[in-house]
Amino acid sequence: MKFDTIIKGGKLVTASETVRGDLGIRDGRIVAIAKRLDAGRANDATIVDASGRYVMPGGIDAHVHLALPFCGTVSADDYDSGTRAAACGGVTTLIDFAIPYGKETLQQAVDNWQARAEGKACIDYSFHLAITNWEQQKKDVPKMIERGIPTFKQFMIYESQGWQSDDAAMYAALEALRDLGGMLCVHAESSRVLDMLIERHHNKAEMKKHGAYLHTITRPNFIEAEAIQRAIEWARVTRGRLYIVHMSTGEGADLVRRAREEGVDVIAETCPQYLALDDSLFAGKDGHLYGTCPQIKKPRDQKRLWAGLKSGEVSTIATDTCTFNTKQKAMWKGDWTKIPMGMPGLETMLPIIFTDGVLKRRLTVNQLVEKCCTAPARIMGLYPRKGTLQVGADADVTIIHPTKKRRVDWRKMQTNCDWSPFQGRELAGFAEHTFCRGEQIVKDYRFVGRNGYGQFVPRSNLLPS
Ligand code: URP
Ligand code: ZN
Ligand code: ZN
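Described below are features of the structure shown in this document. Quantities reported herein were computed from a predicted structural model and do not represent experimental measurements. Residue indices follow the written sequence of each chain, beginning from 1 at its first position. Here every chain gets a letter starting at A, and every ligand a number starting at 1, in the order they are written. Residue-level local features of this predicted model are given only where pLDDT is at least 70; pairs of side-chain atoms are given and counted only at 80 or more, and the full residue set underlies all totals for whole chains, interfaces and linings. The side-chain values count all of the structure's non-hydrogen atoms but skip hydrogen atoms and water molecules.

Another aspect to go through is the layout of surface pockets. Summary: where empty space remains is shown by rolling a probe the size of a single water molecule over the atoms. In this structure, the largest pocket spans a volume of roughly 480 Å³. Forming the boundary of the largest pocket are 22 residues, of which Y158, S160, I198, R219 and T337 lie nearest the centre. To qualify as a helix, a DSSP run of H or I must reach at least 4 residues; to qualify as a strand, a run of E must reach at least 2; elements of each kind are numbered from the N terminus. At four residues, the largest contribution of residues to the lining of the largest pocket is made by helix 6 (residues 191-201). Per-class residue counts for the lining of the largest pocket are 11 nonpolar, seven polar and four charged. The computed volume of the second largest pocket comes to approximately 300 Å³. Cavities and pockets were defined on a 1 Å grid built from protein atoms only: a cavity is a group of points that admits a 1.4 Å probe but offers it no way out, a pocket is an open group of points flanked by protein on both sides within 12 Å along at least five of seven lines, and a lining residue is one with an atom within 4 Å of any such point. Around the second largest pocket sit 14 residues that line it, and E347, R406, K412, M413 and F430 are the ones nearest its centre. Grid points are joined across faces, edges and corners, and a volume is the space filled by probe spheres set on the points. In this count, Pro and Cys sit with the nonpolar residues alongside Ala, Val, Leu, Ile, Met, Phe, Trp and Tyr, while Asp, Glu, Lys and Arg are called charged and the others, Gly among them, polar.

Further remarks concern the coordination of the zinc ion (ligand 3). Donor atoms from the polypeptide that bind the zinc ion (ligand 3) are H63 (NE2), H65 (NE2) and D320 (OD), placed at 1.9 to 2.2 Å. Sites may look incomplete because water is not among the atoms; the donors themselves are N, O and S atoms within 2.8 Å of the metal, or within 3.2 Å for Na, K and Ca. Any site counts as irregular unless it has four donors with all angles between 85 and 135 degrees, making it tetrahedral, or four or six donors with opposite ones more than 155 degrees apart and the rest between 65 and 115, making it square planar or octahedral. Bound by four donor atoms, the zinc ion (ligand 3) shows angles of 87 to 138 degrees at the metal and therefore irregular coordination geometry. Spacing between the donor residues of the zinc ion (ligand 3) along the chain follows H-x1-H-x254-D. A separation of 3.7 Å is found between the zinc ion (ligand 3) and the zinc ion (ligand 2). Here's how the labels work: a residue is buried when its accessible area is under 20% of the maximum for its type, exposed when over 50%, partly exposed in between, all with a 1.4 Å probe on protein chains only. Residue H63 is classed as buried on the basis of its relative accessible area, which comes to 0%.

Structural data, given as structure tokens:
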């Protein structure tokens, strides 16, 4: 057999097993997996020595916001820096959220996001579509699913952005998507009580005293838990499929567990920041940098979320990358309600999960692949083209060293950000080599990809086959 590339002698990791062997790539696809592959007589295949390394499917980050107009500014990582960062973090596919602004249609939102990605993206990408006005937008949903976008998102907060959906819109969307093979993703926080708590504490004396820690004071765990509970109830009665994005609380994991046991079709995602950071950071000098919604929580929540990943009620890990640099974050001027909310994450997701998860024995390396590659691919309609190592799949591959650590330093990273939530941490699991559809985009930890290589990937609808 003829190959373009053979990745030799690595430990090939899937969600279910780890085997030592070679992986053969031709025309962008995986064409052979065997104990030993021969380059053939012509010997023109590129050989990549992966001995002593893990060879894994490229990561799929199903929650990303690149160049997002938000909180009075535009998030600092775009399809250039964001996808370079992804590649160096071993991520080969991302899913961004196309959001209609004002009276824009869903179609216009996708076209706008496609224009941002075109000519810039270095890895493959897709979009979820935000529903900001169900009554106006519902007629276009079937067309969007046909276009390869089966996942939609509603926000239970962000009224001032014009993004918020109410219970009726959630109920109706779950019901309609159920029949069309779609899925509703939800940002679950309870807006009315949250707004009241913010109002109560929004005064000069408290802002002087607590600074960015007011982000935590005004968002107790029940703000997320109540919203998750309500969304679960709408999923239960409609029998729709619900995906809770960026779940941050232990209470959320308990609710999802119970609902799943009762047969509700609810899936939960968490993010590295909820697993590896805690809210004591808001009390520090640069606490405002860590502002994100929902905010990072307590060590007990971290513990519960790690346990939830292990036991299954947390199905996926994604980054919620929404980068704001220090200048943008400085817009807060001491008022936590004005912090541009979000942080960078694409470059550090796999290293954080590998170091804090696999090396600390909270997850196996197969579970890492399950949560960061295979489950997102299955849930989002990308499987088996992406998310696993198997013959016929896209040759999206990342190779990592199991112990060699690198110090996180934003100065040496691809992100446009001038700070990192994980600055100074020694992490293993950065991509030594990354391949996207067979093309090498990271070599010896250096980005070697190119703008415009990344393609929009149409996703299949999610009806049971
Ligand atoms: O604070 C965050 N997470 N910013 C991005 C928008 C969202 O809510 O996901
Ligand atoms: Zn959100
Ligand atoms: Zn988000």
